[in-house]
Amino acid sequence: MNVADEITLRVSEIQRFCMHDGPGVRTTVFLKGCPMRCLWCHNSEMQKTEKELLFFKNKCIGCRLCASCKNGVHTFKYGHKIDREKCLLCGECEKNCPSSALLICGRDMSIDEIIREVKKDAAFYGQTGGVTLSGGEPFAQPGVTELLKRLKAEGINTAVETCGYYDVTDAVPYTDLFLWDIKDTDEARHKKNTGCRNKPVIDDLFAADKAGAKIRLRCILVNGVNTDETHYKNVAALMKKLRNCVGADILPYHAYGGSKAELTGREDNGDKALIPTEEQINRFKEMIKN
Ligand code: SF4
Ligand code: SF4
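Small disclaimer: the values here were computed from a predicted structure and weren't measured. (Residues numbered from 1 in each chain as written. Chains lettered and ligands numbered in written order. Predicted model: local features only at pLDDT ≥ 70, side-chain atom pairs only at ≥ 80, totals over all residues. Heavy atoms only, no water.)

A. Region of the structure containing the domain arrangement of the chain. Splitting the chain by domain gives domain 1 (3-50 + 106-289) and domain 2 (52-105). Here domain 1 and domain 2 have C-alpha centroids that lie 31 Å from each other. With 12 residues of domain 1 at the contact, the number on the domain 2 side is 9 residues. Here domain 1 and domain 2 share an interface that buries about 790 Å² over both sides, 53% of which is from carbon and sulfur atoms. On the domain 1 side of the contact with domain 2, Gly106, Leu263 and Thr264 bury the most area, a combined 57% of that side's loss. For Glu52, the salt bridge goes to Lys32, with nearest N and O atoms at 2.8 Å. (Domains from an automatic or database assignment. Contact = heavy atoms within 4.5 Å. Buried area = accessible area lost by both parts, 1.4 Å probe. Salt bridge = Lys/Arg side-chain N within 4 Å of Asp/Glu carboxyl O.)

Right, dumping it as structure tokens:
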């Protein structure tokens, strides 16, 4: 048995035929757990490392089969209420639900299992496509570098979407592209809106760059939070200093992510007022281009 057989990673989801998670057609493996708690998070069901019960309200047909839960998690006296505190994540209700409205998010998979799964799509990768690790924050789980190593050994192109909070230099030789989040260059605002400091993100970015990582920045733009000229200038200056930066993508905030919070019983925190204007997006693009 080799090392990779023993390592398991907690996977939230494997999405096929993704066109926006790196070059070409990709299979995106979403891993659970993240050190940040961003105000604008659009994958909040992947924040916690622990498994969670998700409820897709729009799929529910109201059959009440889930009420058979022995722990009394699902009750219907005042509408469908889910007491997640009582849930033991046994998966019974998920199995019984006829419309797939319930899902245990977080499946422990060995590296071999993940490789077998993604290789089913290998015929579609062509010259540029491959596998992207996302989340959550992939590097929050030990074993991710081993997974990248194995993917490379299989001849698969690899990309990682990262919040940049961890030292990734060990993973550089096995990662074809880092999609590196720059959430805010203002230290105080970064801390306030993500729960984490920005300095480690920037330090890790330069360490990865020095180690030869190919990097593409992903700049989330949130109206009234980081839509100021100083931030734009800081991002442009960062790009200029990096040796291996191949570009930047602007990711305008969208309120849809807020509604996903409801899957785990949290409140919809999507706020349309945070969506940046066309003018703000264009100004940012212009600054980066210049
Ligand atoms: S079993 Fe599924 S479809 Fe039926 S009430 Fe429960 S969640 Fe809804
Ligand atoms: S996962 Fe098990 S314990 Fe949790 S709600 Fe479903 S049946 Fe009940």
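Read on for the rest.
B. Region of interest: the sheet that holds strand S2 (residues 26-31). What the 8 strands build is an open sheet, ordered S7-S1-S2-S8-S9-S10-S11-S12; its pairing is mixed. Strand pairing shows two members of the sheet lacking a second neighbour, strand S7 (107-110) and strand S12 (245-252), which therefore form its edges. The average undirected angle you get between the axes of adjacent strands in this sheet is 30 degrees. For S2 and strand S8 (residues 130-135), the ladder comprises 6 bridges, and the chain directions are parallel. Counted as the bridge partner of Val29 is Leu133 from S8. (Pairing = 2+ DSSP bridges. Helix = DSSP H or I, 4+ residues; strand = E, 2+ residues; numbered from the N terminus. Axes fitted to C-alpha atoms, helices over the stretch in contact; angles between N-to-C directions.)

C. Structural context of the layout of surface pockets. In this structure, the largest pocket spans a volume of roughly 900 Å³. Listed by contribution, the elements that provide at least two residues to the lining of the largest pocket are strand S1 (8-18), S8, strand S9 (158-162), strand S10 (177-182), strand S11 (215-221), S12 and helix H8 (256-260). Classifying every residue of the lining of the largest pocket by side-chain character gives 13 nonpolar, 11 polar and 11 charged. Empty space within the second largest pocket amounts to approximately 460 Å³. As for the second largest pocket, its lining consists of 20 residues, of which Phe55, Phe56, Lys57, Glu262 and Leu263 are closest to the centre. Elements represented by at least two residues in the lining of the second largest pocket include exactly S1, strand S3 (52-55), strand S6 (102-105) and H8. Ranked by the residues each element gives to the lining of the second largest pocket, the list is headed by H8, at 3 residues. Two domains share the lining of the second largest pocket, each providing at least three of its residues, namely domain 1 (3-50 + 106-289) and domain 2 (52-105). (1 Å grid on protein atoms, 1.4 Å probe; cavity = no way out; pocket = protein on both sides within 12 Å on 5 of 7 lines; lining within 4 Å. Points joined across faces, edges and corners; volume = space filled by probe spheres on them. Nonpolar A, V, L, I, M, F, W, Y, C, P; charged D, E, K, R; others polar.)

D. Seen up close, unusual backbone geometry. Here the residue pair Gly135 and Gly136 is connected by a cis peptide bond, since its omega of 15 degrees sits within 30 degrees of zero. The residue Gly136 is located in the loop between S8 and helix H4 (144-153) in this model. The phi torsion at Arg64 lies on the positive side, around 70 degrees, for a residue other than glycine. Position of Arg64 among the secondary structure elements: in the loop between S3 and strand S4 (74-75). Of the residues examined, Arg64 reaches a relative accessible area of 49% and is grouped as partly exposed. Its identity as a non-glycine residue notwithstanding, Leu89 has a phi of 55 degrees, on the positive side. Structurally, the position occupied by Leu89 is in the loop between strand S5 (81-82) and helix H2 (92-96). (Buried < 20%, exposed > 50% of the residue type's maximum accessible area, 1.4 Å probe, protein only.)

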